[in-house]
Amino acid sequence: GYGRFGLNYNSDAVFNESQIDMRMRINIDGSVETDSGITFGGRIRLQYDENTVSDNDSDGLVSNDRAGAQLSPAMLYATGFGVRVEVGNANTAYDSVALMYNSEIGYLDRGFGDPNGNYFSFNSTPYGSEEINRMGLFVSYSAGGFNGRISLVDPDQTGAVIDEEELSLSVDYAFGQATVAAAYVDNAAGVENAQALFLGAEYAISDAANIGLLYFDYDEDLDANDSVRVTLYGNYTMDAITFKGYVATDDQDGLANDTAYGLGVDYDLGGARLSGDIHRSYAEETIAGLGVRFDF
Amino acid sequence: GYGRFGLNYNSDAVFNESQIDMRMRINIDGSVETDSGITFGGRIRLQYDENTVSDNDSDGLVSNDRAGAQLSPAMLYATGFGVRVEVGNANTAYDSVALMYNSEIGYLDRGFGDPNGNYFSFNSTPYGSEEINRMGLFVSYSAGGFNGRISLVDPDQTGAVIDEEELSLSVDYAFGQATVAAAYVDNAAGVENAQALFLGAEYAISDAANIGLLYFDYDEDLDANDSVRVTLYGNYTMDAITFKGYVATDDQDGLANDTAYGLGVDYDLGGARLSGDIHRSYAEETIAGLGVRFDF
Amino acid sequence: GYGRFGLNYNSDAVFNESQIDMRMRINIDGSVETDSGITFGGRIRLQYDENTVSDNDSDGLVSNDRAGAQLSPAMLYATGFGVRVEVGNANTAYDSVALMYNSEIGYLDRGFGDPNGNYFSFNSTPYGSEEINRMGLFVSYSAGGFNGRISLVDPDQTGAVIDEEELSLSVDYAFGQATVAAAYVDNAAGVENAQALFLGAEYAISDAANIGLLYFDYDEDLDANDSVRVTLYGNYTMDAITFKGYVATDDQDGLANDTAYGLGVDYDLGGARLSGDIHRSYAEETIAGLGVRFDF
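Bear in mind the structure is a predicted one, so any value in this text is a computation, not a measurement.

### Quick look at the overall build of chain A
Here comes step 1: In terms of helices and strands, chain A carries one helix and 17 strands.
Here comes step 2: Its C-alpha atoms give chain A a radius of gyration of 20 Å, within 12% of the compact-globule value 19 Å for 296 residues.
Here comes step 3: Its C-alpha atoms give chain A principal-axis dimensions of roughly 55 × 45 × 40 Å.
Here comes step 4: Here chain A holds 296 residues, and the buried ones make up 51% of them.
Here comes step 5: Here the analysis covers contacts within chain A between residues at least 6 apart in sequence; of these, 48% occur between residues at least 24 apart.
Here comes step 6: Here chain A has roughly 12,300 Å² of accessible surface; of this, 54% comes from carbon and sulfur atoms.
Here comes step 7: Between the averaged position of the 15 positive side-chain charges in chain A and that of its 47 negative side-chain charges there is a distance of 9 Å.

### Structural notes on the relation of the copies chain C and chain B
Here comes step 1: Between chain C and chain B, which share one sequence, the superposing operator has a rotation angle of 120 degrees and an axial displacement of 0.0 Å; the RMSD is 0.0 Å. The superposition of one copy onto the other is thereby described by a three-fold rotation axis.
Here comes step 2: An overlap of only 11% is found between the interface residues of chain C and their copies at the interface of chain B, pointing to separate contact surfaces.

### Some words on the relation of the copies chain A and chain B
Here comes step 1: For the pair chain A and chain B, the best superposition has an RMSD of 0.0 Å and corresponds to a rotation of 120 degrees with a translation of 0.0 Å parallel to the axis.
Here comes step 2: Looking at chain A, a mere 10% of its interface residues are interface residues in chain B too, so the copies touch through different faces.

### Regarding the interface of chain C and chain B
Here comes step 1: On the side of chain B, 42 residues touch chain C, which itself brings 37 residues to the contact.
Here comes step 2: Between chain C and chain B lies a buried interface of about 3,200 Å² when both sides are counted; carbon and sulfur atoms form 64% of it.
Here comes step 3: Linking chain C to chain B there are zero salt bridges.
Here comes step 4: In this assembly, chain C and chain B are joined by nine residue pairs in polar contact (both at pLDDT 80 or more).
Here comes step 5: Only strand E1 (2-10), strand E2 (18-33), strand E3 (39-49) and strand E17 (286-295) of chain C provide two or more residues apiece to the side of chain C that touches chain B.
Here comes step 6: For the side of chain C that touches chain B, the leading source of residues is E2 of chain C, giving six residues.
Here comes step 7: Within the side of chain C that touches chain B, the residues separate by chemical class into 18 nonpolar, ten polar and nine charged.

### Looking at the interface of chain A and chain B
Here comes step 1: Contacts between the two partners involve 42 residues from chain A and, on the opposite side, 37 residues from chain B.
Here comes step 2: Approximately 3,200 Å² of surface area, both sides summed, lies buried where chain A meets chain B, with 65% of it carried by carbon and sulfur atoms.
Here comes step 3: Applying the counting rule to chain A against chain B returns zero salt bridges.
Here comes step 4: Our count for the chain A to chain B interface comes out at nine residue pairs in polar contact (both at pLDDT 80 or more).
Here comes step 5: At the level of elements, strand E2 (18-33), strand E3 (39-49), strand E4 (70-71), strand E5 (75-80), strand E6 (83-88) and strand E7 (135-143) of chain A are the ones that each hand at least two residues to the side of chain A that touches chain B.
Here comes step 6: Here the residues of the side of chain A that touches chain B are counted per class, giving 18 nonpolar, 19 polar and five charged.

### Here we look at empty space enclosed by the protein
The method is simple in principle: a probe with the dimensions of a water molecule rolls over the atoms, and the space it marks as empty is what remains.
Here comes step 1: Considering all chains together, one arrives at two cavities of 30 Å³ or more under this definition.
Here comes step 2: Approximately 420 Å³ is the volume found for the largest cavity.
Here comes step 3: Contributing to the lining of the largest cavity are 22 residues, with Asp55 and Ala69 of chain A, Ala69 of chain B together with Ser54 and Ala69 of chain C lying nearest its centre.
Here comes step 4: Looking at the lining of the largest cavity, the elements with two or more residues in it are E4 of chain A, strand E4 (70-71) of chain B together with strand E4 (70-71) of chain C.

### Brief notes about the side chain of asparagine 187 of chain A
Residue and element names in this part refer to chain A.
Here comes step 1: Counting through the fold element by element, asparagine 187 comes out in the loop between strand E10 (178-186) and strand E11 (195-204).
Here comes step 2: At a separation of 3.2 Å, a polar atom in the side chain of asparagine 187 contacts the main-chain carbonyl oxygen of glutamate 165.
Here comes step 3: Polar side-chain contacts of asparagine 187 include one of 3.0 Å to the backbone nitrogen of asparagine 193.
Here comes step 4: If we ignore the near neighbours within four places in the chain, the residues touching asparagine 187 are Glu164, Glu165, Glu166, Glu192, Asn193 and Ala194.

### Concerning the packing of aromatic side chains
Here comes step 1: On inspection of all chains with the given rule, the structure shows 18 aromatic pairs over all chains.
Here comes step 2: The rings of Phe40 of chain A together with Phe294 and Phe296 of chain B are connected pair by pair, giving a single aromatic cluster.
Here comes step 3: Here the guanidinium or amino end of arginine 84 of chain A rests over the ring plane of tyrosine 77 of chain A, the centre of that ring lying 4.2 Å away.

### Focus on the layout of surface pockets
Here comes step 1: Of the voids in this model, the largest pocket is the one considered here, and its volume is about 990 Å³.
Here comes step 2: Contributions of two or more residues to the lining of the largest pocket are made by E1, E2, E3, strand E5 (75-80), strand E6 (83-88), helix H1 (93-96) and E17 of chain C.
Here comes step 3: The element best represented in the lining of the largest pocket is E2 of chain C, accounting for four residues.
Here comes step 4: Within the lining of the largest pocket, the residues separate by chemical class into nine nonpolar, eleven polar and 15 charged.
Here comes step 5: For the second largest pocket, the calculated volume is near 630 Å³.
Here comes step 6: Residue lining of the second largest pocket: 20 residues in total, with Arg23, Arg25, Asp95, Tyr101 and Ser121 of chain B positioned closest to the centre.
Here comes step 7: Of all the secondary-structure elements, those providing two or more residues to the lining of the second largest pocket are strand E2 (18-33) and strand E3 (39-49) of chain B.
Here comes step 8: Taken together, the residues of the lining of the second largest pocket break down into six nonpolar, five polar and nine charged.

### Brief notes about unusual backbone geometry
Here comes step 1: In this structure, asparagine 187 of chain A is a non-glycine residue whose phi angle is positive, near 55 degrees.
Here comes step 2: You will see that asparagine 51 of chain B, though not glycine, has its phi angle at about 60 degrees, which is positive.
Here comes step 3: Turning to its location among the elements, asparagine 51 of chain B is positioned in the loop between E3 and E4.
Here comes step 4: A residue is classified by how much of its surface remains accessible, and asparagine 51 of chain B, at 24% relative accessible area, is partly exposed.

### Details of the pairing of E3 of chain C
Residue and element names in this part refer to chain C.
Here comes step 1: Counting buried residues along E3, ten of its eleven residues qualify, which places the element largely inside the surrounding structure.
Here comes step 2: Sheet topology places E2 next to E3; eleven bridges connect them, and they run antiparallel. The residue bridging glutamate 33 from the neighbouring strand is threonine 39, located in E3.
Here comes step 3: The loop that links E2 with its antiparallel partner E3 comprises five residues; one of these, glycine 37, has a positive phi angle of about 90 degrees.
Here comes step 4: Bridge count between E3 and E5: five bridges; the pairing is antiparallel. Paired with glycine 41 across the bridge in E5 is tyrosine 77.
Here comes step 5: For E3 and E4, the ladder comprises two bridges, and the chain directions are antiparallel. Along E4, the bridge assignment pairs leucine 46 with leucine 71.

### Some words on the environment of alanine 256 of chain B
Residues and elements named next belong to chain B.
Here comes step 1: Of note, alanine 256 is situated in the loop between strand E14 (241-250) and strand E15 (259-268).
Here comes step 2: A residue is classified by how much of its surface remains accessible, and alanine 256, at 54% relative accessible area, is exposed.
Here comes step 3: Taking the C-alpha atoms as reference points, alanine 256 and alanine 194, 62 residues apart in sequence, are found 24 Å from one another.
Here comes step 4: Other than its neighbours up to four places away in sequence, alanine 256 contacts Tyr282, Ala283 and Glu284.

### Observations concerning the side chain of serine 151 of chain B
All names here are of chain B.
Here comes step 1: Assignment of secondary structure puts serine 151 in strand E8 (residues 146-154).
Here comes step 2: At 2.9 Å, the side chain of serine 151 and the backbone nitrogen of alanine 93 are in polar contact.
Here comes step 3: Only 2.8 Å separates the side chain of serine 151 from the side chain of serine 168, close enough to count as a polar contact.
Here comes step 4: Apart from residues no more than four positions distant in its own chain, serine 151 is found in contact with Asn91, Thr92, Ala93, Leu137, Phe138, Glu166, Leu167 and Ser168.

### Thoughts on the pattern of salt bridges
Here comes step 1: Inspection of the entire model under this criterion finds 36 salt bridges over all chains.
Here comes step 2: A salt bridge links lysine 244 of chain B to aspartate 266 of chain B, with the shortest nitrogen-to-oxygen separation between them at 3.3 Å. Here aspartate 266 of chain B lies in strand E15 and lysine 244 of chain B lies in strand E14, a separation of 22 residues in the sequence.
Here comes step 3: With relative accessibility at 23%, the residue lysine 244 of chain B sits in the partly exposed group.
Here comes step 4: Looking at aspartate 266 of chain B, the relative accessible area reads 8%, which means it is buried.
Here comes step 5: For aspartate 109 of chain C, the salt bridge goes to arginine 273 of chain C, with nearest N and O atoms at 3.1 Å. Remark: arginine 273 of chain C occurs in strand E16 (residues 272-280) and aspartate 109 of chain C occurs in the loop between H1 and strand E7 (135-143); sequence separation between them is 164 residues.
Here comes step 6: Look at the salt bridges and you will find they share partners, linking Asp109, Lys244, Asp266, Arg273, Arg293 and Asp295 of chain A into a network.

Cut-off values and rules
Residues numbered from 1 in each chain as written. Chains lettered and ligands numbered in written order. Predicted model: local features only at pLDDT ≥ 70, side-chain atom pairs only at ≥ 80, totals over all residues. Heavy atoms only, no water. Helix = DSSP H or I, 4+ residues; strand = E, 2+ residues; numbered from the N terminus. Rg over C-alpha atoms; globule rule 2.2 N^0.38 Å. Buried < 20%, exposed > 50% of the residue type's maximum accessible area, 1.4 Å probe, protein only. Contact = heavy atoms within 4.5 Å. Areas by Shrake-Rupley, 256 points an atom, 1.4 Å probe, with all protein chains shown as cover. Lys, Arg positive; Asp, Glu negative; His and termini not counted. Charge placed at Lys NZ, Arg CZ, Asp CG, Glu CD. Least-squares fit on C-alpha atoms with pLDDT ≥ 70 in both. Buried area = accessible area lost by both parts, 1.4 Å probe. Salt bridge = Lys/Arg side-chain N within 4 Å of Asp/Glu carboxyl O. Polar contact = N/O pair within 3.5 Å; in protein donor to acceptor, adjacent residues only side chain to side chain. Nonpolar A, V, L, I, M, F, W, Y, C, P; charged D, E, K, R; others polar. 1 Å grid on protein atoms, 1.4 Å probe; cavity = no way out; pocket = protein on both sides within 12 Å on 5 of 7 lines; lining within 4 Å. Points joined across faces, edges and corners; volume = space filled by probe spheres on them. Phe/Tyr/Trp six-rings, centres within 6.5 Å; stacked < 30°, edge-to-face > 60°. Lys NZ or Arg CZ within 6 Å of the ring centre and 35° of its normal. Pairing = 2+ DSSP bridges.

Shown next as structure tokens:
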């Protein structure tokens, strides 16, 4: 698991512009390796984020709402010989592809060059009311620098609710100093005809410097949500300090500005990192953060 | 804990006949051994089952309901010198007796030769609204092949709600190739005058084969729920494969058929098992499953 | 964590005078030590108490309420060189001061010489509806026998709800056979102008005997809640047996009696303790308990 905490600033916040942001995540895992070489296991995630209602009732008021750490649904898996199968609260092919989140910066690992649109992924908190009977399947295969994945998520496997199954596919390949990746998702997040395509490439200029280019195309029946986003990012490491930056463009209707960008600095504490980040959003907000992230 | 997942088929399902079934169970234990030789400890269970609402509100609608892993109430215990005392979310004498569940088959460990009626047991999920203030006590004594148990569960120890305390007793004894067991419960599951009696015997014909006979008599004021169930079961192991089967009869009013039966096959994966099961229920449904079960 | 269970008696209980009382507490911790000598970590607490609703809805009825173990919000910390910083569900300076709870007796660690008034502390269960967006900060410094602490808790850091931040300070110092402590809290528990002051001293008469005196002054705008409480306590150990006692006076309006007292006996089981306690409350109730407490 990991922990992170720090200060977060948003120039356009309705109430306090500066707040403390924190998360603690603990993965509760169990597994057994069989004589046949196949490992079976499972995971339930325990997570707390600040300012989050964990136990909400139906009245739309805050009365009796409560806030504590939350438990995810479980994911079970079998793995061996380069193949991994996941069932339940499974990862998805689209969300698991390489490079997709590499433009993120700061102790919150965020940025406006992230994927657009909605799609399923491992759910860190309980399923919401529309997905109580959700069931996911995921299969991946790895060999050398190659990874391929396919996943299917049925938001309601009982069939009582009419809905669409999300299907996604992804591949990535690392060779020498380069990594390339592609992913596709249909009926994204269970929305009929919602589709997203991702293409990405990263190149290691040297041991200390990387540069990458990401392309996201999200398309659904409701045109107002359509967007093509292109993200260029890079990072450079000098001793304990890593500089990071990105610039992203998005053609979605209604954005105040079709360009967003951000700069970040990480300082390696030898087992943790101190990170600062500052962004200009599509809504022309200034967003900044300074905090610590540690893994245990 | 353990994990299990697989396909489940029910010929008479209202919606999807085939669904994926899964559970992940983790027992969170803590204990300390004192200088006096007595060990004190406790357990809280963390469990996720698919298609389960974990956080339900009071409006009878699915709005705001959520589904994640759930935490049980705690059980505390003291054990030493053959005696074990449990307090809180305690096991019960009736539910803990030997043989009672030995006719179960498949990765879901199920069958129609299981005990009839309702009775208390360790609760894997939070207590329901009728049992918020439930308190159980359990004492067992073991010596050689003998086990004796007594338990008491008060569904509301505050006394604010009028209810009945469940009392249960059980004994079992293993000698040579035979095991015999008997159990009795009064005010079963807190229902006044609900009583259940269990008698069972199992015999190991050889290292590879077992046969057993179970008798369950459940009786309460509402005669429609009364039933006498008799279960005959057996299993036979050849190398990594174990064949299992049972046939059960139940005289409860209103059953479409008073006989149910099932066949199962386990394949030992050396730390996990692949299991298939097929049943014909009292309601003349065909129920089948194929999946994996692993313990960690 | 720890477990405790036993019998509890209250002469004035509305329903059952005698009930079984139990708690299981497990601290789920994670931490990492960095090369710089600073340790980063976090804690989420898992706890079950009997007779507690864990999942309550908004209808004011027990329908659909449930009771299981509960998860706290998370606390994250950084510690090194005698300094400790906590964020989130942080401890507070007032609650963490030495001596404050030293008059407690019995397996439930309770007594009527405990602090008066309300104030924030590490929350073992989810925040309630008034504190969903609560955020705490805590800094302590230790050197030799000295400890100093300061904490700030904002019941709603989003600023959407008008409320007061609780500020508290505390110091304690152990030298030779004596320990002295002082603590102060303003806007206690987020109540404007609610203030509490604590002064305490303890003296070890010998290896086997201690005596202490505590002074608590709680003051808020609503005078009916004001109280000055003074507690005198002592304990004496003979082999495995420790005798404990306290007498406390409280000048709050409306108390049936301004004096309360209690006697307790602990028997050391070598890794656990068997404890009995009996009290006379300010309401002239007789309260008694007998049970076991063990840490793991």
